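Close look at the chain arrangement
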Amino acid sequence: MKKILITITLLATFLYNPAFAEKIKKGVKVFVSLSPAGSFEITGKRFKGGKVTKKGDSFEVNEIYVPTSKLTTGIDLRDEHMRERLKSENVMVKSASGSGGIGKGIIIVRDVEKEFNFTYEVLNQKYIRATFELNLNDFKIPNLSYMGVGVEEIIKLEITLPYKS
């Protein structure tokens, strides 16, 4: 009886632990606020190029990119407008490195290269999640409004990627 109770307790702990409840998947989420009101998310799961590597206490990545053709917003017309404004190119992190939960990197959008700061957390022994903000004005993206609804200048990004030690 004692063994059964221990087994049930361990199983319940395993099943209800938030780290195990949600399967972690790679992907990017871009949180976009609209003016005068509202918001939407841009999501993508496909990355190409470099890999995230762990060296000691630090993490590094070089030349990893997201094809804009693989990003979606949930609305076909909005997807089309997004791709037109991004020139249907890749969004690339040229390089990034961090340690102790913070880091710096260089991102390229529409052939414009900008430095950015980010925070990150190690989710488990395979995945890391970085968050940062970008100012869309830095990348000279045109016509960020449609029928009187405009995109706010600052967007928040959340990227979950696997890493190797």
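Note: the structure precedes this text.
The following refers to the structure shown. (Residues numbered from 1 in each chain as written. Predicted model: local features only at pLDDT ≥ 70, side-chain atom pairs only at ≥ 80, totals over all residues. Heavy atoms only, no water.)

1. Concerning the overall build of the protein chain
Short version of the rule: Working definition: helices are DSSP H or I runs of at least four residues, strands are E runs of at least two. Numbering for both runs from the N terminus. Exposure classes here rest on a 1.4 Å probe applied to the protein chains alone. A residue is buried below 20% of its type maximum, exposed above 50%, and partly exposed in between. Two residues form a contact once any of their heavy atoms are found within 4.5 Å. To be clear on the numbers: accessible area is Shrake-Rupley with a 1.4 Å probe, and residue cover counts the displayed protein chains and nothing else.
Counting secondary structure elements, the protein chain contains three helices and twelve strands. Burial analysis of the protein chain (165 residues in total) assigns 33% to the buried set. Sequence-distant contacts in the protein chain: of pairs separated by 6 or more residues, those separated by 24 or more amount to 50%. Roughly 10800 Å² of accessible area belongs to the protein chain as shown, and the carbon and sulfur atoms make up 54% of that amount.

2. Regarding the environment of Glu158
Checked against the element boundaries, Glu158 lands in strand 12 (residues 154-164). With 29 residues separating them along the chain, Glu158 and Arg129 place their C-alpha atoms 6.8 Å apart. With sequence-adjacent residues up to four places away left out, Glu158 is seen in contact with Gly27, Val28, Lys29, Phe31, Arg129, Ala130 and Thr131.

3. Some remarks on helix 3 (residues 76-85)
Counted only if it meets this: An arc is given here, and it is the one of the directions from the helix axis to the C-beta atoms.
Of all the positions in helix 3, only Asp79, His81, Met82 and Arg85 are classed as buried. Looking straight down helix 3, one finds its buried side chains confined to an arc of 165°; they lie on one side. Where helix 3 is buried, its residues contact strand 2 (39-44) and strand 10 (145-146). Taken from the residues just after helix 3, Lys87 is the one with a positive phi, measuring 65°.

4. Description of the packing of aromatic side chains
Cut-off, in case you're wondering: What counts as a ring pair is set by centres within 6.5 Å for rings of Phe, Tyr and Trp (its six-membered ring), and what kind of pair is set by the plane angle: stacked under 30 degrees, edge-to-face over 60, tilted for all other angles.
The full count for this structure, using the stated rule, is five aromatic pairs. Where Phe59 meets Tyr120, the ring centres are 5.3 Å apart and the plane angle is 70°; that geometry is what we call edge-to-face. With Phe59 in strand 5 (residues 58-67) and Tyr120 in strand 8 (residues 112-122), the pair connects residues that are 61 residues apart, well separated along the chain. There is no split in this pair, since Phe59 and Tyr120 are both buried. Each ring, one from Phe116 and one from Phe132, has its centre 4.4 Å from the other, and the planes form 35°; the classification is tilted. Here the residue Phe116 occupies a position in strand 8, and Phe132 occupies one in strand 9 (residues 127-135), the gap between them amounting to 16 residues.

Note that all results are geometric; they support no functional claim without further evidence.
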